[in-house]
Amino acid sequence: MSAVELYTKGTQVWIPHAEIVWEAAELLEDYTLSKKSISVFTASKETKVLTIKTENDLPYLMNPRILLGENDLTALSYLHEPAVLNNLQYRFCQKNYIYTYCGIVLVAINPYTELPIYNIDTIQTYRGQSLGNLDPHVFAVAEEAFTKLEREQRDQSIIVSGESGAGKTVSAKYTMRYFATVGGSTTETQVEKKVLASSPIMEAIGNAKTTRNDNSSRFGKFIELQFNKQFHIIGASMRTYLLEKSRVVFQAPDERNYHIFYQLCSAAKKLPHLQLDHQSKFHYLNQGNSPTVAGVDDSKEFEETVIALNLLGFSEKEQDDMFKIIASIIHIGNIEFTDSIIKVENEQDQEGCAIKQNDKHLQIVSNLLEIDEKEMREWLCTRKLISMRDVYLKPMSVQDATTARDALAKHIYSALFNWVVLMINRTLESEVQRHRFIGVLDIYGFETFEINSFEQFCINYANEKLQQQFNLHVFKLEQEEYIREGIEWKMIEFYDNQPCIDLIEAKLGILDLLDEECKMPRGTDSSWTEKLYGKCSKYPHFSKPRFGTSAFVVNHFADKVQYESDGFLEKNKDTVIEEQINVIRCSTNDLVRKLFNPESQKLAPPRTKLKVISAKPMPSTQKTHKQSVCSQFRDSLNKLMTTLNATTPHYVRCIKPNDSKAAFEYEPKRAVQQLRACGVLETIRLSSAGFPSRWTYIDFFYRYRVFCKSRDIIKTDIKKTCEVILKKCIKDSSTYQFGKTMIFFRAGQVAYLEKLRADKLKECCIMMQKTVRMFICRKKYLRIRKSAALIQRYGRGVLVRRLAQEIRRTRASIKIQKYVRGWLKRIQYQRLRRSILGIQTRARGFMARLKFLRLKQNAAAIVIQKHVRGWLARRSYKEKIRKIIICQSAIRRYLARRQYKKLKIEARSIEHVKTLNKGLENKIISLQQRIEGLNKTNSELKGYQNEVHDLKLKLQSFKSKELEIKNLNNLLIEKNKLIEKLEADIKTERDEKMDLINEQDRIKQDIENQQKLWSQETAKLREELENMNEIVRANEKGAEENLKVRLEEEKLLIINETDSDREAYQRLLNEYHNLEQYCEELKSQIKVQGYQGLHKRNISDLSSISAIDEVLLTANVPEDYGYGSVRSTVSNSSARERLEDVNWKVEGTSENHTPSTSDTTTNQEVEASIEQQIIDVEPSSDLTKADVSLVIRLQHKLSTSERERLRIQKRLDELDLSPKVEKAKTEAEYLARISEMELINSQLNEQLIDLQNSIKEGNGLQQLHKQLATAQNELQRRSEEIIQLKSILAEQTNNMKTILNSKTHTGEYINEDGELAQAYETQKTINKQLELEIQDEKAKYLAYEKELKLEIEKLQEDNDRQQRILSANLLGSGQTQEMAFMQFEINRLTTENLDLRDRIDSINENLRKFKKREKLLLKKLKEAGFDLANDTHIKTNGAVITSRNEPTIRKKDRAYLGMFSFKQGDENIIMKQLLNIKPRTAVTLLPGLPAYIIFMCVRYTDYINDEEKVKLLLSSFSNSLKKIIRKRLSDFETTALWLSNVVRLIFTMKQYSGEKAFQTNNTPKQNDQCLRNFDLSEYRQVFTDHTIWIYQGVVKNIREKIQSLIVPAILEHEEIPGISGNKPSGSRSRLGSSSSINSPTGSQKPTTLLLQELTNHHKILCYYGVDAGIISQIFQQIYYFMCATSLNNLLLRKELCHWSKGLQIRHNLSHLEMWPREKNLDEAAIQSKLQPIIQAAQLLQARKSKEDVESICEMCSALTPPQICKILNLYTPVDEFEKRVPSDFIKQVHAKLQERQDNADHVLLDVNHHYSVRIAFTPSDICLEDIEIPESINLPMLVKL
């Protein structure tokens, strides 16, 4: 099809515009080849006429509306500049998307505001996703690089470029953050922190304010992140390029020098030795007249710089020296020169310059640099000239001296910059051998200013090299794609900037001539320019400017740039007077001497694997070997290109949308300049030159199957069907190609197919509308006709009945008149009647005929008009169609003939070229592939060689960590600071005593006043009581309902609070186990590697170790040394400490610290105790009451557990703060104080009762006086006791002091060396400490007693209230109770039946074994010659062989005690055998058999009361369990097996603990078997922690299995392929992207596979006897994971957000909703976890009009406001018939959502969120005495008792 045919009336096009670059317009007429102009109507409401000379002058066509906002610019049907610009503007301004793909390039537009799209949830969502699967993001590019690093084992690079202020540094920072997050563990992310910590330093010394950016990087850097073989980050390095040294001495208007200078000036008061002042007083800092940056505080920035320096290992001495050097540069700028006459002996005076003797800045410079001031003064004004024989000293003029001074300042700053980079690299690097690396290049983009100098030339030269590499890489990817698909293609022409590069770097090029001119003695900028004019004019990219001879023009790939040659030679030479350098080199400052030592630049970090220094090396002292700046830059650039060419590049192009730095404002002019400069438009041009649009065959068929009939579809060959469709639609076969898996289209062809498809669908729609409208109208007509007939029938009936009635009345009146008037009037009446009737009849008939005639004429006229108009329209239409067809046929015939001739000529010419070049091109490609393979093999061999050394260095770092752990015990000293706080508490207690005295006086007055008011209030209260009784009777029912609602709300609130606490605890527990596992791995590595050499610590190690210490301090990682003694239940000790507060370390003793078992009530125990209370209230109630009291139990359990938790938490906090004393003494004092307080409390209660009684009797005042007198006497008695004690203590103290101060021989002997005085002072301090401790404990126990009383009162109130509610609820319907009872009985009988079957199976198996053994014995006896018939008798019942003549011995059935005995030391063997049970073997055994065996062993230790034995047994089980779980955590069957057994062990320990709460369902024999000596509640908590750990491992295993199935099953699967439709995105595969993960469906549906996986895991959990409640909680967590994964994926995939996809998602979710119901799980709880994704699918299907705002907000209650707005913004129609969501509608929805109370601000769900685990107690009905140990377990050391 010819492109001209698309230019028809109404077509949307783009035309140039002066302000907005491109403007939308609409064609007002059809275009033909004969026309020379065409009229358009622009978006600005103007009509313009465009001149068309050739087809190339035609305006660009606009893409279809449904392609607006595409993620990939290459997916647009029409690829040209206005389409790119418009798509970027729409995404950036309308949708606020800052990232867009352009082939392999990620275009990033700076939003100038913070966006919440870089959190950890976003990183996890992009992890594992192929490039292009989700919305564009810098994380997607980073993931692509990381994935290729893993798969292809090849180094990667990410090239971030853009002009100043475009956001390059931020993009590079987020890229490194992604790599650090996915590339290592917690300790390994310290490398990323160090790299980010280097940013403030590099920004301070390398960034400055320019006219375009307040924080512009004036250098380029290349950061390498180094990975080991496990692809964990082990180190980093940095290279820098082309620091802008001229900025040190000169700044343009509105610009600043480097930030570090202003930061030091802001810190002048903190650093007085630098002698700095305000920046406006220094020449190097005030030239730009812009000393500040808006919104930036230089003093705070300086503090951040210092913090970063400390973090990266810069010592204080190095920092101080560094600041001295920077300050000296500032002062050098203020050294002033004056003209003077230099007098020389025996010679003529010379003109020169001098520095004032009192120049303070020169003195400061000398002091700061620690150099000789006199020599520096001399060589700043004098230059040494060396000839062949003599040496001359030549005075310099003021201008020359100033230039030399500035050169020295630049040289010093450059040397310092390089040293800082070197130090940072030493800190970032690792001693471990790197395996691969990912490089992040943050480099300046193409620059052009009004005046362009040497720096811009170098920058643009670097961009030319990078652009060439970019073009070659894009071309290579296109070429590989075509070869892979096996299509015919011709060489794509692309812009090759090699001629421009040759102009710059070739022989006799610009750089060569510049170096040559610099070597000339009298070379100048003008002479160099003349040489350029003479030598470079032959290059097409070089030209002269129109005016002047001091500039030259280079035609770069982005634009023509005019360079001013002034200063080129000076900047290239970078000349510094050697004598000045020698003076500085003689400095006494170590850092200054190191900077200018020629050997210092050769130093490299020890054992470095990659020598990484600044790309610009320091100049050497030998002038003859000194390289020019351009030569150095060229060499470093070539090295960079070599590095990049050896890697797989990825590109990020940063765009600056506006110069005003306004958020989300887009200036098309600025944007199009940068798009042209960064190569984005070149990528578009390369793509459009080939086949930019690609469709897979199946997608193409689903999209365009409307073009073929059913008979044309070949179901077995979709490719053939697609060929049929294309032959019908596109006549020109050269516009498309058939590949192996895809169809390739030229630019514009997809848009043409979309136009044809839209026309076809429009015709179908018109046909359907026509038929439906006809049906509707006909149906309406028939309904109206029927209604009219009915109305007429009933109307006529009414009229006739009315007429009949009138006639009857008339006849009656006539009859009356006849009889009244007589026969005389009858004849007259009849005559008159006949006349009247005749007149009426004819008049009515005449009127009716007139009316009928008029109606008939109108109807006939309408029919005639209809037929006439229809005939005229059909005739006109046919005539026009005939003419159009004739015209079209003629034009098409003419165009076809011309096209045929043109194609024929092209075929003849191209065919010959193809045959010649075909073989050569294939050879080139094959050679390139072989070279790449050899390089890859070579790099892998080098990596294997360095692996051993890498592991050695790891060992050294791990050894140092052990030494640091020992220092943690010193933290206990800080608790002594709490003494002052305790003294303040004593003072507070004294004040409270005074308040009590004042309170007594106030009570006296209150009692007198109340006695007067009581008599008045009594009558009022009686009246109010009567009124309240009436109100209570009326509102009794309503009160009960309100009480229920309130109870329900309180229950939910308490549940939520408890869940949050449980989640936090379990999260910490999970982190603890992860750290413990990490430590185990480190220990195993140390054992394998062994110690090799000593550890050498460097700066990097110090920072790493400090970071690891921080992790260890915050993680509270315990060491498992077992558990201590188990106390008896009779012992009295304090409550168990929390797991976080247990001291797991052993110091000074060989005994292991063990948590003491106590009576602390856990949440499960509280639940059981509440159940017991309820049963005690109704002992006669049967099991059907369980459901009725469920609400009460839950509420009471949660409230009690919450109070208990708060009480224990507060108590533990107090214990942590209080001083530690001996345990026995403390308990004795506590008991004494408690008894005393109870006695006082009882006395006070008695006094209060007496006072109340006396008030009732009327003598309350006397009783109160009596009590006050008693209290005063008691207070006086205690005061006297205190005074006496103090006097005794003072007397003893004086006596001691007298002895000590006496002059006698005895006193001197006693007080020799002052030892006794010291002992006395020490004892006094100890006494004070003990006194403070006693007072502290007293205050705490008073508060503790008060809390207990309040809790008792609350519990009593709750108990009364619960009993009332229970008694009311137990009167429920009998039918519900019977159903509950039946359900319970069914479950119980089913369980018993299964247990009996298991027992029968085991008995049958034993019987079979015995029979087999019997046969073997009989056979052996028979072979031995025994006569079995006469001598023996086999007892079948007892299997006992007895002699016939001997009496029979019958073995009695023993009464087993239900325990297993074992010997001391067999604990480890028992646990080894139990824990090594294979899962497949365990399936055949009793569920939970290992748990029963362990508990039966525990019962034996309790039976013999051996505390040490039970400690060893349980500790051995705990340690062995942790080892086996760590080893087989990835084995799902093993984790399921031990999850079941540990839970069963916890339940068994509860059931036989002896606590009434857990004995409700026990048999009498089970109660007799309860533990009698030990309380194992603490071990239950320990095993509960193990259960949570195993539970999380089970969940993790399931998640890993189903993760790859979630998105295909929920989001991508279509029950009917193609029903959801898809946009004409062209299905362009991501060039250079890693291969997408194939859908795991295979021959089955993804939903079926997902459900199969869930079913398999559910079966395994059931097989191993996991508790049903825990299984439900596991799948609740899994369903949340599926919901979070699918929703996060949906929120980042625009192509899934449309109506039909929402319908399909809802259908897929219905399968998941049915699954819990089929498995009898907790359906409501599990399905509730899918609500967010369900509501998202409903949102896609919902109507989106203004009337639906409120309904949408109500429907999406589980989604956050950002998620709802995100989905609405992503909503994209798949056809033009559907409209986009208006922005006004989204704003209304957002405003409505702000009314929510609990507005969350997160967009993505946390995939790693874990719900808390509840382990509800479930008793077992298995009798312990019936349990036998099968032979397969092999535990002969256990003996059943």
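Located above this text is the structure these notes cover.
By convention here, each chain's residues receive numbers from 1 onward along its written sequence. Note on the predicted model: pLDDT of at least 70 is required for a residue's local features to be given, and 80 or more for side-chain atom pairs to be given and counted; whole-chain, interface and lining totals, by contrast, use all residues. Water and hydrogen atoms were dropped before computing side-chain values, which therefore reflect all heavy atoms in the structure.

Thoughts on the overall build of the chain
Each helix and strand counted, the chain has 52 helices and 28 strands in total. Type-normalised accessible area, obtained with a 1.4 Å probe on protein chains alone, sets the label of each residue: buried when under 20%, exposed when over 50%, and partly exposed for intermediate values. Burial status across the chain gives 44% buried among its 1841 residues. Should any heavy atoms of two residues lie within 4.5 Å, those residues are counted as being in contact. Here the analysis covers contacts within the chain between residues at least 6 apart in sequence; of these, 74% occur between residues at least 24 apart. What sets the accessible areas is the Shrake-Rupley method with a 1.4 Å probe; for residues, cover comes only from the shown protein chains. As displayed, the chain has an accessible area near 101,000 Å², and 54% of this comes from carbon and sulfur atoms. Put simply, DSSP marks the helices as runs of H or I at least four residues long and the strands as runs of E at least two long, and each gets a number from the N terminus on.

Quick notes on the pattern of salt bridges
The salt bridge criterion pairs a side-chain nitrogen of Lys or Arg with a carboxyl oxygen of Asp or Glu, the two atoms within 4 Å. Enumeration according to the criterion identifies 40 salt bridges in this entry. Glu255 is paired through a salt bridge with Arg247; the nearest N and O atoms lie 3.0 Å apart. When sorted by exposure, Glu255 lands in the same class as Arg247, which is buried. The salt bridge involving Arg1693 is made with Glu1695; its shortest N-O contact spans 2.9 Å. According to the relative accessible area criterion, Glu1695 is partly exposed, its value standing at 35%. Within the structure, one salt-bridge network assembled from shared partners comprises Arg218, Glu244, Arg247 and Glu255.

Details of the nonpolar core
Joining through side-chain atoms within 4.5 Å is the link that ties buried Ala, Val, Leu, Ile, Met, Phe, Trp, Tyr and Cys residues into a set, and such a set is a nonpolar core. Membership of the largest hydrophobic core comes to 195 residues, with the highest contact counts inside it found for Phe179, Phe261 and Phe552. Tallying contributions element by element places helix H11 (residues 398–428) first for this core, with 15 residues. Sequence-distant contacts of Phe261, defined by excluding residues within four places in its chain, comprise Val248, Leu285, Ile326, Ile329, Ile330 and Tyr413. Counting residues in hydrophobic clusters, the runner-up holds 126 residues, among them Ile1470, Ile1477, Leu1730 and Leu1835.

Section: the packing of helix H8 (residues 316–332) against helix H9 (residues 360–369)
Orientation of H8 relative to H9, taken along the N-to-C sense of each, is 160°, at an axis distance of 9 Å. Between H8 and H9, the angle falls in the class roughly antiparallel. Considering how the two elements wind past one another, H8 and H9 form a crossing that is left-handed. Contacts between H8 and H9 involve Lys324, Ile325, Ala327, Ser328, His331 and Ile332 on the former and, on the latter, His361, Ile364, Val365, Leu368 and Leu369. Only Asp, Glu, Lys and Arg are considered charged in this grouping, and only Ala, Val, Leu, Ile, Met, Phe, Trp, Tyr, Cys and Pro are considered nonpolar; every other residue, Gly among them, is considered polar. Looking at the contact of H8 with H9 residue by residue, the classes come out as seven nonpolar, three polar and one charged. Axes here mean lines fitted to C-alpha atoms, for a helix over just the part in contact, with angles spanning 0 to 180 degrees between N-to-C directions. Comment on the angle field: the value is read as roughly parallel under 35 degrees, roughly antiparallel over 145, roughly perpendicular from 65 to 115, and oblique elsewhere. A crossing counts as left-handed when the near helix is turned anticlockwise from the far one by less than a right angle, and as right-handed when that turn is clockwise.

Side note on the sheet that holds strand S23 (residues 736–738)
The three strands are arranged S22-S24-S23 in an open sheet whose pairing can be described as antiparallel. Only two strands of the sheet have a single partner each, and these edge strands are strand S22 (693–696) and S23. When strand polarity is set aside, the average angle formed by the axes of neighbouring strands in this sheet is 20°. Pairing between strands is defined by DSSP: at least two bridges between them are needed.

Considerations on the packing of helix H42 (residues 1532–1551) against helix H44 (residues 1577–1612)
Relative orientation of the contacting elements H42 and H44 amounts to 155°, with a least axis distance of 9 Å. Here H42 is positioned roughly antiparallel relative to H44, judged by the angle of their axes. Seen along the crossing, H42 lies across H44 with a hand that is left-handed. Taking contact as the criterion, the partners of Phe1532, Thr1535, Ala1536, Trp1538, Leu1539, Val1542, Val1543, Leu1545, Ile1546, Met1549 and Lys1550 in H42 are, on H44, Tyr1579, Arg1580, Phe1583, Thr1584, Thr1587, Ile1590, Tyr1591, Val1594, Asn1597 and Ile1598. Within the contact of H42 with H44, the residues separate by chemical class into 15 nonpolar, four polar and two charged.

Overview of the pairing of strand S12 (residues 233–241)
Counting buried positions over the nine residues of S12 gives nine, a clear majority of the element. From the end of strand S11 (residues 220–227) to the start of S12, which pair antiparallel, there are five residues, and Phe231 there has a positive phi angle of about 60°.

Brief notes about the packing of aromatic side chains
Put simply, two rings from Phe, Tyr or Trp (the six-membered ring, in Trp's case) pair if the centres are within 6.5 Å, and we call them stacked under 30 degrees between planes, edge-to-face over 60, tilted for the rest. Counted according to the given criterion, the structure contains 41 aromatic pairs. Aromatic pair Tyr1579 and Phe1583: ring centres 6.4 Å apart, planes at 40°, arrangement tilted. Of the two residues, Tyr1579 and Phe1583 both sit in helix H44, four residues apart, roughly one turn of that helix. Looking at Tyr1579, the relative accessible area reads 1%, which means it is buried. The class of Phe1583 is buried, set by a relative accessible area of 0%. These aromatic residues form a ring-pair network of at least three members: Phe454, Phe457, Trp528, Tyr533, Phe542, Phe552, Tyr563 and Phe568. A positively charged side chain is recorded as over a ring if its NZ (Lys) or CZ (Arg) lies within 6 Å of the ring centre. The angle to the ring normal must also be within 35 degrees. Between the NZ or CZ atom of Arg653 and the centre of the ring of Phe470, over which it lies, the distance is 5.0 Å. Residue placement shows Arg793 over the ring face of Tyr794; its charged tip is 4.9 Å from the ring centre.

Brief notes about the sheet that holds strand S2 (residues 21–27)
Taken together, the five strands give an open sheet; going across it, the order is S4-S3-S2-S1-S5, and neighbouring strands pair in antiparallel fashion. Two strands lie at the open edges of the sheet, namely strand S4 (47–51) and strand S5 (60–61), each paired on one side alone. Looking at chain direction, strand S1 (residues 12–17) and S2 are connected through six bridges and run antiparallel. Looking at the pairing, Val13 lines up with Ala25 of S2.

Quick look at a positive patch on the surface
Like-charged residues are merged into a patch within 9 Å and nonpolar side chains (Val, Leu, Ile, Met, Phe, Trp, Tyr) within 5 Å, provided each residue has over 30% relative accessible area and no salt bridge. Positive: Lys, Arg. Negative: Asp, Glu. His and the chain ends are not part of the count. Taken as the charge location is NZ of Lys, CZ of Arg, CG of Asp or CD of Glu. Taken together, the side chains of Arg811, Lys815, Lys818, Arg826 and Arg833 make up a positively charged region of the molecular surface. Taken together, the elements giving at least two residues each to the positive patch come down to helix H24 (749–821) and helix H25 (823–945). At three residues, the largest contribution of residues to the positive patch is made by H24. When you line up the elements, Arg826 lands in helix H25.

Some details on a negative patch on the surface
Residues Glu1023, Glu1024, Glu1026 and Glu1030 make up a contiguous surface patch of negative charge. Turning to its location among the elements, Glu1024 is positioned in helix H27 (residues 979–1034). Looking at Glu1024, the relative accessible area reads 46%, which means it is partly exposed.

Overview of unusual backbone geometry
For residues other than glycine, phi is negative in most cases, and the peptide bonds are mostly trans. A positive phi angle, close to 55°, is found at Gln275, a residue other than glycine. On the secondary structure map, Gln275 appears in the loop between helix H6 (259–266) and helix H7 (298–311). Positive phi, normally seen in glycine, also occurs at Leu508, with a value near 60°. Residue position: Leu508 is located in the loop between helix H13 (498–505) and helix H14 (510–519). A residue is classified by how much of its surface remains accessible, and Leu508, at 34% relative accessible area, is partly exposed.

The analysis is restricted to geometry; functional conclusions fall outside its scope.
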